[in-house]
Amino acid sequence: MSSWQGKTRGGQFGYWFFIQILKFPGIKFAYFFLYFVSTYYVLFVPKARKPIFWYFRNIQKFSFIKSLVFTFRNFYVFGQVIIDKVALMAGFAKNFTFNFDGEDLIQQMADGGGGLLVGAHVGNWEIAGHLLERINTKVHIVMLEAEHEKIKSMLDSVMTEKKMSIIAIKDDFSHLFKIKKAFENNEIVAMHGDRFLAGTNTIKLDFFGKKAEFPLGPFLLAVKYKKPISFVNAFKESSTHYHFFATKGLVKSSKSSIKERHKTAENILKEYVSTLENSLKKYPEQWFNYYYFWDNI
Amino acid sequence: MGREHVVETVNNFLIDEFELEVEQLTPEAIMKDDLDIESLDFVDIAVIIEKEFGLKVTSEQMVKIKTLDDLYTFILEEQKN
């Protein structure tokens, strides 16, 4: 199995290009354009196609033909998700509708001293930022340096007046000091719980009946700082509608010994994996990790 | 402040905070591998260094500390400066 290599496809040009399409021909045209992009990816980008096809065939247990169809759909929906994200950031929010399961739970978390939101590279977690704006506290989004650099200038332009900030994960641990400060200020920290970089603390767990490696770090943070943790995601249910889900904030206390803390974090991680698995059973095409995620590959 | 005091203060903190055993706390112990100290625990160590020794530690400095001896030496060297 290979871990995520710290590189994200697409970049500033891709975002700029789609903003131009959104401004002039409109979002429907941008979606139409995706048929060509998705076909290109299925035919000519085996590095992305193979792991996704494998996921549908071996994890979702789809037939060969269904896996192929879903591989195309996966690229298509992923493209839509990126366009939607750009559209929202560029002020086209009125094009979308949302319903929220658990917004009150996040507001409770905000009112009760902050906490940790953990998402995954599924659905359109970033679009949840649209909701987080309504939460009455500052939200810090933790992301890998490589992901942050790609979209930094665009994020800076849209986040200047918002109650959100980006904390980039760096080799020098500076992000950990910022996270500690955010928790001390009773604010909310949001991050993904599915990807990790080589050398970080991980554990292997059953995920759809096969072993997969997950980072322990986000869950250790919640235990260490005794903050509630909620699993969040937003799934695309139609071309203009999203469904946001947030679980009730889990609070798991632990003794301060490192071993006990690990055990508690591992238990939270198991609940996260179970939640993620249930979500992917409902929205199988919205899995956006384009590398071999599972073991024995 | 001598090395003995630094060692005692740091070790007491590690025992209290992380419930480590005295026998584990040898100078050559590697923080991550032998003591299971996570990168996020380094934040606490930085705080205790500031509180007990009045030293500001940057994240760049913390990342260079691999063993307990590195930590003791770092504190002693910084106190001299």
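Further up the page is the structure itself.
Residues numbered from 1 in each chain as written. Chains lettered and ligands numbered in written order. Predicted model: local features only at pLDDT ≥ 70, side-chain atom pairs only at ≥ 80, totals over all residues. Heavy atoms only, no water.

Asks: Quick question: what am I supposed to make of the packing of helix α9 (residues 217–224) of chain A against helix α10 (residues 258–282) of chain A here?
Replies: Geometry of a packed helix pair, given as the angle between the helix axes and the separation of the axes. Residues and elements named next belong to chain A. For the pair α9 and α10, the least separation of the axes is 8 Å and the interaxial angle reads 120 degrees. When the axis of α9 is compared with that of α10, the two are oblique. Crossing handedness for the pair α9 and α10: right-handed. Side by side, α9 and α10 meet where Phe219, Leu220, Val223 and Lys224 of the first sit next to Arg261, His262, Thr264, Ala265, Ile268, Leu269 and Tyr272 of the second. A breakdown of the residues in the contact of α9 with α10 according to their chemical character gives 7 nonpolar, 2 polar and 2 charged. (Axes fitted to C-alpha atoms, helices over the stretch in contact; angles between N-to-C directions. Helix = DSSP H or I, 4+ residues; strand = E, 2+ residues; numbered from the N terminus. Parallel < 35°, antiparallel > 145°, perpendicular 65-115°, else oblique. Left-handed = near helix turned anticlockwise from the far one by under 90°. Contact = heavy atoms within 4.5 Å. Nonpolar A, V, L, I, M, F, W, Y, C, P; charged D, E, K, R; others polar.)

Asks: How should the nonpolar core be read in this particular structure?
Replies: Most often, soluble globular proteins have nonpolar side chains that are buried together. The biggest cluster of nonpolar side chains holds 121 residues, and the ones touching the most others in it are Phe207, Tyr272, Trp287 and Trp294 of chain A together with Leu14, Ile37 and Leu68 of chain B. Ranked by residues supplied to this core, first place goes to helix α4 (residues 64–89) of chain A with 9 residues. With near-sequence residues (within four places) excluded, tyrosine 272 of chain A lies in contact with Val118, Gly119, Ala120, Gly193, Asp194, Phe214, Phe219 and Phe231 of chain A. (Core = buried A, V, L, I, M, F, W, Y, C linked by side-chain atoms within 4.5 Å. Buried < 20%, exposed > 50% of the residue type's maximum accessible area, 1.4 Å probe, protein only.)

Asks: What is the right way to look at a negative patch on the surface in this model?
Replies: Among the surface-exposed residues, Glu28, Asp33, Asp34 and Asp36 of chain B lie close enough to one another that they form a single negatively charged patch. By the secondary structure assignment, aspartate 33 of chain B is in the loop between α1 (3–18) and α2 (41–53). (Patch = residues over 30% accessible without salt bridge, like charges linked within 9 Å, V, L, I, M, F, W, Y side chains within 5 Å. Areas by Shrake-Rupley, 256 points an atom, 1.4 Å probe, with all protein chains shown as cover. Salt bridge = Lys/Arg side-chain N within 4 Å of Asp/Glu carboxyl O. Lys, Arg positive; Asp, Glu negative; His and termini not counted. Charge placed at Lys NZ, Arg CZ, Asp CG, Glu CD.)

Asks: Honestly, the pairing of strand β2 (residues 115–119) of chain A in this entry has me stumped. Any pointers?
Replies: Residue and element names in this part refer to chain A. Within β2, 5 of the 5 residues are buried, which leaves the element mostly enclosed by the surrounding structure. Because side chains alternate across β2, one face comprises the buried residues Gly115, Leu117 and Gly119, and the other comprises Leu116 and Val118, equally buried. By the bridge criterion, 3 bridges tie β2 to strand β8 (residues 229–238) in an arrangement that is parallel. Looking across to β8, one finds that leucine 117 is bridged to serine 230. (Pairing = 2+ DSSP bridges.)

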